[in-house]
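Each chain, written out:
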Amino acid sequence: MSQVPESAAEAGATEVTAAGIARLAGVGRAAVSNWRRRHPDFPKPVGGTETSPSFSLAEVEQWLRDQGKLAEVPLRERVWQQIAGHPAGAVTALVHAGCVLLLVRDRSAAWPSLAALPDERLTEVLPVALEETLTERLGPERPVLTPTASALGASIALLRGVAELAAEAGGVRPAFEFLLGRHLDANPRQYTLTPPAAASLMAALATGRASTGAVPTGAAATATDAGTAGSTATTTDAATTTDAATAGSTAAATDTTATPTTPTTPLTVLDPASGTGGLLCAVDRPGAVCGQDADHDLAALTALRLALASDADIRVRTGDSLRADAFPSLAADAVLCHPPFNERNWGHDELAYDPRWEYGFPARTESELAWVQHALARLRPGGTAVLLMPPAAASRRSGRRVRADLLRRGALRAVVALPAGAAPPYGIPLHLWVLRKPVPAERPAAELLLVDTASEHTGQGRDGHGGHSGHGRDGRDRLDWPAVHAAVLDAWTAFDRDGTVAATPGESRAVPVIELLDDDVDLAPARHLPPPAAAEGATQLALVRERLAETLHRTRELTPPPVTDPATTAGAQAGSRLTATAGTTTVGELARAGALALHAGGVGTAPSGAPVAVLTDHDVLAAQQPSGTLPDGPPEEPVLLAAGDVVVPVVGGAAVRVVDAAAAGAALGRNLQLLRPDPAALDPWFLAGFLRATANTRQASSYASTATRLDVRRLQLPRLPLSEQRRFGERFRALAEFEETLRLASRLGEQLVQGLYDGLADGTVAP
């Protein structure tokens, strides 16, 4: 363990890790490691461990300023570092911050006078003001405990900064979303997150309204946590199990009639596995919002997040919804849920005679079907539930009796297969189940809607430009979410209105329930949908073949000339002698000399105007156009690409990209470094070509962990005059064009071969 200097420990100063220092200075972690080795005056660790030390934020800021590496720490970074280094932990700091933001929101006139008080006096009086605000907004039986004066002592500087951040960010909600998002990004393995696009789709299906679509922080947002909802927590506050009429003061919370909702009807919405509240935040204009989670910290964060997001009646409770339901009498208009998957210890033994199992007692291995029936039990007649489900739940034999009864009674209305990458686990194409609580005396639905978007809306796979290369984050960067939303909502809207829908080959079909009630009751959409025509038929295949022939001809034209030995060619001899005698320089030296500028990616938020595409590391590796999007959050300028920039991934393999006019204007994504050469000193193609050399990347890479990381500043270049650089650059440019043509030929060939297999098999192509 690192020794902690007494002065730092006594001061209780905010600490920052090497990763935090890199974020502050806009460099990679390798640069911070180099500073520690090369500068004896670099601040000493004040905490952490030998392998992951932490430093005093104040000392680091001062050192960066003295070295000219930092002009001013942005407010949002300062506040985040105070949260990350809080002595009571980041979650406690977030709860304190959320409490004060709620005070600023609901009692804006009181905060200026409180903020004017000295720290000691503010610590004394703030708990009283917070108690009044929290009780008024969240009720007495809330998961957010009022911080005591002693607990707030270490948070006063943070709370003042949070209030300033709210003014800078444009409101309390974006400020809290930014901080929560940073916390979720920093701890990705602790949470199972539902991406905002999936949450938006689920909310639209459940409510019949366009979702707010807003989980407004970045990857943050990525933020519906499902991981802890089904944990083995067995305790719950007795008050949380009281009649849920208290959970929704609106009439809809206890209405048991099947009155349909309209776009202006205040809705009561429940998420029984609420996590951090992302699904509930996606609902447009709710009247009452109810959430429950087994993790007390997540329940507290959810309550604050929801209270800051809307004026709805908020009731969030702590506890396992299956074992200790906090809303036993609730009759909600809609239920949204991303339940934990494959839970064996969900309460099978103690809940055998629970009245919620109206459609059959779920097997021990069918925890997801227990959540399905819990959701139905908490709906009013005619209410809608949407659950994110593993695909196995649609076909496992152990669940076929429950599935059959859901179909017979008309409770299960649609099963939607999402593309892989839509939600974790990202490598699996998950399903959405749309359920509706049957209305007494109403005839059960005769058909089930099946929709399959799993293969139709993954990036650009159908046109030969980037489809299924396997790069990226399990398909996350290639999802065409607008197309997925349109396909699902169009099919569901028509089916919900008419009770049936015309079949779209390969995409959607209304299947008679009687066809599904066989021995398996397999509800996987792909099994029951008519296949799409192979490559849209023989005509389309002919076009693909023609394009492949043209591409192969172009490949022959671009094939590099025969390789020559420099010793046998006069011009090559001269070039070889020139590079051998010119000496070398590094990217870091060129940056210090002003010959190029270095920028790290991964910063910036979506502007309020036109959306900005993001060039991701997957885009560089797959040689495709920018496909990412910027997160929402407090205004932060991204690094924008310009024609002639050179982009290098720092993780994931040897690839270099020279930005062309088509990619110019996009933002630089994470794990990328941008090199912007001075045209009077460096040729971009010369720069890109030498940076890609195997020996160069090998000597500039670190191998300390399972992933190889490239230190761009250590990459080497020969010192050549601009005219010689351009000669090399032209050759490197020709090689890049040849490589891209080969990629296109490979994709077209795969498309043609698979199309012929499919066409011959389904009869659309003659043998």
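All values reported here derive from a predicted model rather than from experimental measurement.

1. A look at the overall build of the protein
What the protein contains, in helices and strands, is 26 helices and 25 strands. Taking all contacts inside the protein whose residues are at least 6 apart in sequence as the whole, residues at least 24 apart take part in 74%. Element-wise, carbon and sulfur atoms account for 54% of the exposed surface of the protein, whose accessible area totals about 33100 Å².

2. Topic: the environment of Glu 120
Tracing the backbone through its elements, the reader meets Glu 120 in helix H8 (residues 119-138). The exposure class of Glu 120 is exposed, given its relative accessible area of 62%. A sequence separation of 29 residues divides Glu 120 from Ala 149, and the C-alpha atoms of the two residues are 9.4 Å apart.

3. A word on the packing of aromatic side chains
Working definition: an aromatic ring pair is given by the centre-to-centre distance plus the angle between the planes. Applying the stated criterion across every chain yields a total of nine aromatic pairs. Here the aromatic rings of Phe 42 and Trp 63 are separated by 4.8 Å at their centres, their planes lie at 70°, and the arrangement is edge-to-face. One end of the pair, Phe 42, is in the loop between helix H3 (29-38) and strand S2 (47-48); the other, Trp 63, is in helix H4 (residues 57-66), and 21 residues separate them in sequence. Ring centres 5.9 Å apart and planes at 85° place the aromatic pair Trp 346 and Trp 357 in the edge-to-face group. One end of the pair, Trp 346, is in the loop between strand S9 (332-337) and helix H15 (367-377); the other, Trp 357, is in the loop between S9 and H15, and eleven residues separate them in sequence.

4. A look at the nonpolar core
In this structure, Leu 126, Val 144, Leu 179, Leu 336 and Leu 432 are the most contacted members of the largest nonpolar core, which totals 96 residues. Take this core: its biggest share by element is twelve residues, from helix H6 (residues 90-106). When residues no more than four places from it in sequence are discounted, the contact partners of Leu 179 are Val 79, Trp 80, Ile 83, Leu 94, Val 162 and Leu 165. Counting residues in hydrophobic clusters, the runner-up holds 43 residues, among them Ala 332, Ala 394, Leu 407 and Leu 448.

5. With respect to H6
Taking 1.5 Å of rise per residue, 17 residues should cover 24 Å, and H6 covers 24 Å from first to last C-alpha, within 8% of that figure. Across the 17 residues of H6, 14 count as buried, placing the element largely inside the fold.

6. A short note on helix H24 (residues 684-691)
For H24, the tally of buried residues reaches eight of eight residues, placing the bulk of the element in the interior. The backbone nitrogen of Trp 685 has a side-chain oxygen 3.1 Å away, supplied by the residue at the start of H24, namely Asp 683.

7. Let's talk about the pattern of salt bridges
Enumeration over the complete set of coordinates arrives at 39 salt bridges. Here Arg 182 makes a salt bridge to Glu 77, at a shortest N to O gap of 2.7 Å. Pair noted here: Arg 182 is in helix H11 (residues 172-186) and Glu 77 is in helix H5 (residues 75-84), with a separation of 105 residues, a long-range link. The residues Arg 182 and Glu 77 share a single accessibility class, namely buried. A salt bridge links Arg 142 to Glu 131, with the shortest nitrogen-to-oxygen separation between them at 3.0 Å. With Arg 142 in the loop between H8 and helix H9 (149-152) and Glu 131 in helix H8, this pair connects stretches of sequence that are eleven residues apart. Relative accessible area serves as the criterion here: at 11%, Arg 142 is assigned to the buried category.

8. Digging into the sheet that holds strand S21 (residues 667-668)
Taken in spatial order, the three strands make up an open sheet running S18-S17-S21, and their pairing is mixed. The open sheet has two edge strands, strand S18 (628-629) and S21, and neither has a second partner. The pairing of strand S17 (residues 613-615) with S18 spans two bridges and is antiparallel. Counted as the bridge partner of Val 614 is Gly 628 from S18.

9. Thoughts on the packing of helix H20 (residues 538-558) against helix H26 (residues 722-762)
Contact geometry for H20 and H26: axes closest at 9 Å, N-to-C directions at 155°. Classed by the angle they form, the pair H20 and H26 counts as roughly antiparallel. Both H20 and H26 take part in a crossing whose hand is left-handed. Of the residues in H26, those touching H20 at Leu 541, Val 544, Arg 545, Arg 547, Leu 548, Thr 551, Leu 552, Arg 554, Thr 555 and Leu 558 are Glu 737, Phe 738, Thr 741, Leu 742, Leu 744, Ala 745, Leu 748, Gly 749, Gln 751, Leu 752, Gly 755 and Leu 756. Its residues assigned to classes, the contact of H20 with H26 shows twelve nonpolar, six polar and four charged.

10. Some details on the packing of H5 against helix H10 (residues 156-169)
Any two packed helices are characterised by the angle at which their axes cross and by the distance between the axes. At their nearest, the axes of H5 and H10 sit 9 Å apart, and the two run at 145° to each other. Note on packing geometry: the crossing formed by H5 with H10 is left-handed. Seen from H5, the contacting residues are Leu 75, Arg 76, Val 79, Gln 82 and Ile 83; seen from H10, they are Ala 157, Leu 158, Gly 161, Val 162, Glu 164, Leu 165 and Glu 168. Taken together, the residues that form the contact of H5 with H10 break down as seven nonpolar, two polar and three charged.

11. Focus: the side chain of Thr 453
By the element assignment, Thr 453 lies in the loop between strand S13 (447-452) and helix H17 (481-498). Only 2.8 Å separates the side chain of Thr 453 from the backbone oxygen of Ala 417, close enough to count as a polar contact. Those residues in contact with Thr 453 that sit more than four places away from it in its chain are Ala 417, Leu 418, Pro 419, Val 484, Ala 487 and Val 488.

12. Observations concerning the environment of Ser 54
Along the chain, Ser 54 falls in strand S3 (residues 53-56). For Ser 54, a relative accessible area of 7% gives the class buried. A C-alpha to C-alpha distance of 10.0 Å links Ser 54 and Pro 43, two positions eleven residues apart in sequence. When residues no more than four places from it in sequence are discounted, the contact partners of Ser 54 are Glu 15, Val 16, Pro 45, Val 46, Gly 47 and Gly 48.

Thresholds applied
- Residues numbered from 1 in each chain as written.
- Predicted model: local features only at pLDDT ≥ 70, side-chain atom pairs only at ≥ 80, totals over all residues.
- Heavy atoms only, no water.
- Helix = DSSP H or I, 4+ residues; strand = E, 2+ residues; numbered from the N terminus.
- Contact = heavy atoms within 4.5 Å.
- Areas by Shrake-Rupley, 256 points an atom, 1.4 Å probe, with all protein chains shown as cover.
- Buried < 20%, exposed > 50% of the residue type's maximum accessible area, 1.4 Å probe, protein only.
- Phe/Tyr/Trp six-rings, centres within 6.5 Å; stacked < 30°, edge-to-face > 60°.
- Core = buried A, V, L, I, M, F, W, Y, C linked by side-chain atoms within 4.5 Å.
- Expected span 1.5 Å × (residues − 1).
- Polar contact = N/O pair within 3.5 Å; in protein donor to acceptor, adjacent residues only side chain to side chain.
- Salt bridge = Lys/Arg side-chain N within 4 Å of Asp/Glu carboxyl O.
- Pairing = 2+ DSSP bridges.
- Axes fitted to C-alpha atoms, helices over the stretch in contact; angles between N-to-C directions.
- Parallel < 35°, antiparallel > 145°, perpendicular 65-115°, else oblique.
- Left-handed = near helix turned anticlockwise from the far one by under 90°.
- Nonpolar A, V, L, I, M, F, W, Y, C, P; charged D, E, K, R; others polar.

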